[in-house]
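What follows is the residue order along each chain.
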Amino acid sequence: MSSRRNFLRGAGAITAAASAAAVSRVAMAALPEPVLQTRPDTMPPLVPSTGRPYNPCVTLNGWTLPWRMNNGVKEFHLVAEPVVREMSADFKAHLWGYNGQSPGPTIEVVEGDRVRIFVTNKLGELTSIHWHGQRLPNGMDGVTGLNQPGIPPGKTFVYEFVARRPGTFMYHPHADEMVQMAMGMMGFWITHPKAKHPLIDEVDRDFVFLLNAYDIDPGSYTPKIMTMLDFNLWSWNSRIFPGIDPLVVRKNDKVRIRIGNLTMTNHPIHLHGHEFLVTGTDGGPTPKSTRQYEVTTDIAVGQMRQIDFLADEEGDWAFHCHKSHHTMNAMGHDVPTMIGVDHRGVARQITKLIPDYMVMGERGMKDMTEMEMPLPDNTAAMMAGRGPFGSVGMGGMFSVVKVRKDQKPGDYTDPGWYQHPPGTVAYEFGGALPEPARFKAEGPGSMPALKRPTTPTEVKVRKPAGGHSGH
Amino acid sequence: MTAGLAGCASFSPDGGFAPVEAAAKDRLGKDVRWARTAADGEMMAQRVAELLAQPALSPDDAVQLALFNNRGLQARFTELGITEAELVQAGRMANPGFTFGRLKSVDGVEIERGIHLSLARLIAMPLIYGAEARRFERVKREVTMDMLALAAETRRAWVQAVAANETLRYMQQVKEAADASAELARRMEQAGNFNKLTRAREQSFYADAALGLARADRAQRATRERLTRLLGLWGAQTQFRLPERLPDLPAQPKDQPDIERLAMSQRLDVQAARLAAEQTARNLGLTRTTRFINVLELGLARNKLEDGARQTGYDIALELPLFDWGGARVARAEAIYMQAVQLTAWAAIDARSEVREAYGNYRTAYDIALHQRDEVVPVRKRISEEQQLRYNGMIIGVFELLADARAQVAGVNGYINSLRDFWLAQAELDMALVGRASLSLPTGPVAGGMAGGGAAH
């Protein structure tokens with residue numbers, strides 16, 4: 001990556017300058033150097049060295065955009081450009097994003113900051129940025145044609161406003177947005193409170209990610225931008241499980257997770273092992289009176305949710321969208337159900353014609369996770385991920401919250417699999433249970449039968465036989 | 001004069017068969033025999049048995065077999081004998097005749113005795129002999145042509161029979177795939193995973209495949225029987241074995257830039273037309289000098305009867321110049337000569353065109369077969385491989401995989417057909433170089449993608 005710490009100097013800046021060569025050098029001279037990110041990993045939080053202090057957040061498989069202070073104004077530089085995003089180890093997508101990645105970098109500011117964002121367009125068509133959820137002058141809202149002309153290719157526009165209210169926000173294009181969002185142009189924005197806020201608790205870890213979805217044919221690279229609902233890749237920050245990093249926390253950390261939904265459907269996000277409170281929405285922190293403990297919160301299209309919880313249960317806890325298809329990677333949606341279909345004889349007949357044919361799915365789809373079969377190029381397995389007990393059989397919007405008592409504060413490195421204390425893992429039943437002591441009259445009914453049937457009666461369900469005569 | 005004529009009128013040692021034999025050697029590289037003696041017959045039967053004993057009959061073997069064993073061809077050879085006998089007959093004086101008459105009338109009994117020689121025959125003999133000799137030449141050429149045509153026909157029939165075998169085999173595979181999907185669909189319905197509609201769709205592929213198989217079966221039988229007839233086989237001999245596959249496409253198509261010139265020098269019909277013109281030229285000269293002899297019917301008397309049998313022969317008439325001094329005859333002879341000249345030109349032009357067409361067909365057939373082999377079949381195979389990968393990832397189901405297997409098989413079968421067309425075109429070209437070939441008209445282009453079958457459901 002180009003180091004964010006070496007912002008304005010060093011290799012990163014040189015790379016960045018070279019890659020921005022399409023934009024006029026004269027124009028670029030006054031701009032903050034754009035910083036690029038070449039790796040899809042989760043980057044450590046960017047602790048502010050200038051401006052007002054705040055408690056930084058961590059972008060899942062992403063990063064925070066560095067800034068420069070210019071006469072008290074925080075200056076950022078976003079470059080809209082085509083990117084190659086590694087969505088998982090075996091699958092790369094050709095997307096559009098910002099500063100080398102899709103989604104673009106998270107922008108973190110503090111309530112009351114004056115913010116100036118330079119947006120350079122290196123796409124082939126007009127773009128603009130809408131600052132989703134912000135209070136700002138109307139001309140800064142980014143709707144092409146309505147609030148501003150589109151940013152032509154090769155040009156740089158400036159947005160400038162004060163981050164007025166603390167909360168969780170997003171940014172995305174508002175020019176050809178159907179295409180540009182389907183291609184992955186989006187990012188996160190956090191406005192931290194300036195001072196202690198009665199509704200915003202201090203937390204130890206603050207994670208952010210966007211929900212996004214793509215329709216990329218297995219074996220191809222570019223999303224199908226016309227797809228409306230039948231997506232085949234459901235991602236968090238354009239990563240699909242097992243490509244998504246775990247959310248690593250220290251036991252008893254107060255944890256905050258902020259989730260924004262830029263897909264075209266809602267996502268019930270579910271956390272195992274803990275209850276959380278929804279402490280913030282699109283509109284900012286929620287009143288305490290409205291908060292209730294949940295294990296699943298539904299995030300509608302275009303919405304943001306901020307959930308807080310106390311990570312007081314050690315272990316590796318699943319965290320996922322509860323729409324089960326959203327925890328799958330590319331799969332056929334028209335594949336016939338094979339459950340219970342006897343393949344004897346037919347399989348051999350098929351193998352004569354198709355030598356590599358293998359029966360799948362007649363017991364269910366779990367087989368898929370057990371078999372290592374070649375797939376089309378650039379295709380993530382439908383469900384994958386290995387856990388300590390075997391295949392996890394998941395894909396898409398699935399990750400793990402790892403709670404460890406010996407995790408250092410501020411350390412986000414993966415601690416490995418949870419070591420379960422003895423006797424705390426579900427185990428195989430072996431042997432007969434002792435017959436429980438039963439009350440004498442238990443079983444046959446409240447009164448002894450006069451004449452017991454000698455053979456056990458088989459229960460037969462009889463369906464109503466025609467008409468309404470049975471009423 | 002009589003003695004001189006009698007001297008010419010003997011049988012040739014080869015019975016007129018030498019040019020046929022030579023043509024078989026030069027043009028086909030094959031032996032041909034005319035079974036005139038028991039020894040010949042035995043030898044040929046032995047060769048036939050040897051050829052049939054081979055593990056698989058190659059196209060050259062088939063041609064050789066047909067040349068030995070086709071009874072129609074042998075029947076044609078006998079025509080050589082008949083014609084030669086007639087030629088010899090024409091060169092001999094008719095026996096003198098003797099007449100004895102006894103007539104009784106009121107005046108008494110009149111006894112008439114006479115010995116006579118056919119004067120007309122004597123006068124006409126050189127003409128008749130010449131005509132017979134020319135007819136013999138023509139029959140030799142015709143028999144040669146028939147022999148070459150039989151060879152070409154046999155080659156074509158061999159190609160068609162082998163291709164039909166291969167097609168049958170592929171249709172069996174298609175049917176197997178359809179069987180598998182129909183059976184699977186049945187079990188899917190049984191397990192409650194398919195409704196009647198979905199199952200019926202899969203069933204319909206099976207029904208179509210069964211139909212295709214039946215047609216392939218019929219074609220296989222018909223083409224084999226046709227070859228059997230050309231080879232003149234019957235009884236246990238009909239169990240002859242053919243190779244599994246057609247010969248591969250040659251690495252390079254034959255390049256023949258001077259094919260028209262080659263055809264001009266080789267084509268028997270062109271040669272015959274030229275000879276006919278030369279003959280009419282001679283006849284014209286004869287008519288001019290004698291002014292009486294109506295010989296121009298010679299060589300032109302050729303009847304084709306309803307049942308396809310041919311009558312060839314000539315007509316000769318002599319007359320006494322009492323009223324007509326022959327001016328019209330000369331004019332007619334000249335016209336007929338010009339006709340022969342035109343017919344020769346016509347034959348030559350047709351021959352050039354035919355050979356061009358045959359060569360064009362041959363090159364196109366080569367290109368099509370090459371394209372099928374190097375483009376269509378590999379693409380189908382790649383599609384199948386990619387589909388297999390998609391099946392592995394549960395992106396498509398088994399029915400799509402099976403539909404694709406059917407399409408791949410159809411693609412391979414398409415190559416078989418184009419390879420068959422290539423070898424047929426090759427046989428037609430070979431034939432067009434020696435005589436009139438029956439060129440098959442091309443079928444219209446086929447819309448692309450039809451081989452996809454029911455993949456898109």
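What you see is a predicted model; the values in this text were computed from it and never measured.

## A closer look at the nonpolar core
A general feature of soluble globular proteins is that nonpolar side chains tend to end up buried together.
Here comes step 1: Counting residues in each nonpolar core, the largest one holds 107 residues, and the members touching the most others are Ile350 of chain A together with Val32, Met147, Leu231 and Val398 of chain B.
Here comes step 2: Broken down by element, this core gets its largest block of residues, 26 residues, from helix H6 (residues 119–190) of chain B.
Here comes step 3: When neighbours within four sequence positions are excluded, Val32 of chain B is seen to be in contact with Phe17, Val20, Glu21, Ala24, Leu67, Phe68, Leu73, Phe77 and Met147 of chain B.
Here comes step 4: Core analysis: the next-biggest nonpolar cluster, separate from the first, contains 33 residues, Phe209, Leu247, Leu271 and Ile307 of chain A among them.

## Comments concerning the packing of aromatic side chains
Residues and elements named next belong to chain A.
Here comes step 1: Counted according to the given criterion, the structure contains 23 aromatic pairs over all chains.
Here comes step 2: Their ring planes at 65° and their centres at 5.4 Å tell us that Tyr98 and Tyr171 sit as a pair that is edge-to-face. Of the two residues, Tyr98 is situated in strand S4 (residues 91–98) and Tyr171 in strand S9 (residues 167–172); the sequence distance between them amounts to 73 residues.
Here comes step 3: Tyr98 sits in the buried class, given a relative accessible area of 0%.
Here comes step 4: The buried category is assigned to Tyr171, whose relative accessible area is 0%.

## Some remarks on the packing of helix H4 (residues 59–69) of chain B against helix H5 (residues 71–90) of chain B
Residues and elements named next belong to chain B.
Here comes step 1: Axis separation between H4 and H5 bottoms out at 6 Å; the angle between their running directions is 50°. Looking at the two axes, H4 sits oblique to H5. Between H4 and H5, the residues in contact are Ala66, Leu67, Phe68 and Asn69 and Arg71, Leu73 and Gln74, respectively.

## Considerations on the pairing of strand S11 (residues 205–214) of chain A
Residue and element names in this part refer to chain A.
Here comes step 1: The element S11 is extensively covered by neighbouring structure, given that 10 of its 10 residues are classed as buried.
Here comes step 2: Neither face of S11 is exposed, since Arg205, Phe207, Phe209, Leu211 and Ala213 on one face and Asp206, Val208, Leu210, Asn212 and Tyr214 on the opposite face are all buried.
Here comes step 3: As paired elements, strand S1 (residues 58–59) and S11 share two bridges and run parallel to each other. Paired with Thr59 across the two strands is Val208, which belongs to S11.

## Focus: the pattern of salt bridges
Residues and elements named next belong to chain B.
Here comes step 1: Per the counting criterion, the structure on display carries 53 salt bridges over all chains.
Here comes step 2: Residue Arg135 is joined to Glu132 by a salt bridge in which the shortest nitrogen-to-oxygen separation is 3.4 Å. Of this pair, Arg135 and Glu132 both sit in helix H6, three residues apart, which is roughly one turn of the helix.
Here comes step 3: By relative accessible area, which is 8% here, Arg135 ends up buried.
Here comes step 4: Residue classification places Glu132 among the buried residues on the basis of a relative accessible area of 6%.
Here comes step 5: For the salt bridge of Arg245 with Asp248, the shortest nitrogen-to-oxygen distance reads 3.2 Å.

## Some details on the confidence of the model for chain B
Low-pLDDT portions of the prediction should not be read for the details of their coordinates.
Residues and elements named next belong to chain B.
Here comes step 1: Across chain B, pLDDT averages 82, with 83% of residues at or above 70.
Here comes step 2: Here residues 1–7 scores under 50 on pLDDT; set against residues more than four positions off or in separate chains, the count is seven contacts.
Here comes step 3: In the model output, the complex is listed with pTM 0.76 alongside ipTM 0.78.

## A closer look at the interface of chain A and chain B
Here comes step 1: Listed by partner, the interface residues are 35 residues for chain A and 29 residues for chain B.
Here comes step 2: Carbon and sulfur atoms make up 69% of the area that chain A and chain B hide from each other, which totals about 2,600 Å².
Here comes step 3: Among the residues chain A hides against chain B, the three largest losses belong to Gln349, Leu353 and Ile354 of chain A. Together they make up 20% of the total.
Here comes step 4: Counting the contacts that link chain A with chain B gives one salt bridge.
Here comes step 5: Residue Lys352 of chain A is joined to Glu176 of chain B by a salt bridge in which the shortest nitrogen-to-oxygen separation is 3.6 Å.
Here comes step 6: If you look at where chain A meets chain B, you find 10 residue pairs in polar contact (both at pLDDT 80 or more).
Here comes step 7: The element that contributes the greatest number of residues to the side of chain A that touches chain B is helix H4 (residues 346–353) of chain A, accounting for five residues.

Rules of the game
- Residues numbered from 1 in each chain as written.
- Chains lettered and ligands numbered in written order.
- Predicted model: local features only at pLDDT ≥ 70, side-chain atom pairs only at ≥ 80, totals over all residues.
- Heavy atoms only, no water.
- Core = buried A, V, L, I, M, F, W, Y, C linked by side-chain atoms within 4.5 Å.
- Buried < 20%, exposed > 50% of the residue type's maximum accessible area, 1.4 Å probe, protein only.
- Helix = DSSP H or I, 4+ residues; strand = E, 2+ residues; numbered from the N terminus.
- Contact = heavy atoms within 4.5 Å.
- Phe/Tyr/Trp six-rings, centres within 6.5 Å; stacked < 30°, edge-to-face > 60°.
- Axes fitted to C-alpha atoms, helices over the stretch in contact; angles between N-to-C directions.
- Parallel < 35°, antiparallel > 145°, perpendicular 65-115°, else oblique.
- Pairing = 2+ DSSP bridges.
- Salt bridge = Lys/Arg side-chain N within 4 Å of Asp/Glu carboxyl O.
- pLDDT = per-residue confidence, 0-100.
- Buried area = accessible area lost by both parts, 1.4 Å probe.
- Polar contact = N/O pair within 3.5 Å; in protein donor to acceptor, adjacent residues only side chain to side chain.

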